[in-house]
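# Observations on chain architecture
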Amino acid sequence: TNIIQHARATRARIAVGVRDDLLEMVVADNGVGIAPGARSKKNSFGLVGAEERIASLGGTFTVDSEPGRGTRLLISIPLQAPEEFPC
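## Comments concerning the pattern of salt bridges
- Across all of its chains, the model carries one salt bridge by this definition.
- For Glu24, the salt bridge goes to Arg19, with nearest N and O atoms at 2.9 Å.
- Arg19 gets classed as partly exposed once you look at its relative accessible area, which sits at 49%.

## Points about the sheet that holds strand 2 (residues 22-29)
- Reading across from one edge, 1-2-4-3 is the order of the four strands in this open sheet, with antiparallel pairing throughout. The open sheet has two edge strands with one neighbour each: strand 1 (12-19) and strand 3 (60-65). Strand-to-strand twist in this sheet, taken as the mean axis angle between neighbours without regard to direction, amounts to 10 degrees.
- With eight bridges connecting them, strand 2 and strand 4 (residues 71-78) associate as antiparallel partners. Each bridged residue has a counterpart across the sheet, and for Met25 the counterpart in strand 4 is Ile75.
- Sitting on the sheet, helix 2 (residues 46-56) is in contact with strand 3 and strand 4, with an inclination near 150 degrees to strand 3.

Cut-offs applied
Residues numbered from 1 in each chain as written. Predicted model: local features only at pLDDT ≥ 70, side-chain atom pairs only at ≥ 80, totals over all residues. Heavy atoms only, no water. Salt bridge = Lys/Arg side-chain N within 4 Å of Asp/Glu carboxyl O. Buried < 20%, exposed > 50% of the residue type's maximum accessible area, 1.4 Å probe, protein only. Pairing = 2+ DSSP bridges. Helix = DSSP H or I, 4+ residues; strand = E, 2+ residues; numbered from the N terminus. Axes fitted to C-alpha atoms, helices over the stretch in contact; angles between N-to-C directions. Contact = heavy atoms within 4.5 Å.

Here it is in structure tokens:
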């Protein structure tokens, strides 16, 4: 959704895989990038909310972006065996 609404990208890529008991995902685009400080703007909840949800699962969320050079999100979430999930 953020790519469509904000990036003005002509290409986007999503890659998902499992490595070393981690679910890993990369979301990348060739859009306008994210300006420094844009994530902390008032009423800007998309990436902040995603980061909070991923952290609540014990994961990590990294944003690699520069104005004019696109954006790349790196997400890693530990996998748990089903018996470790609360009922």
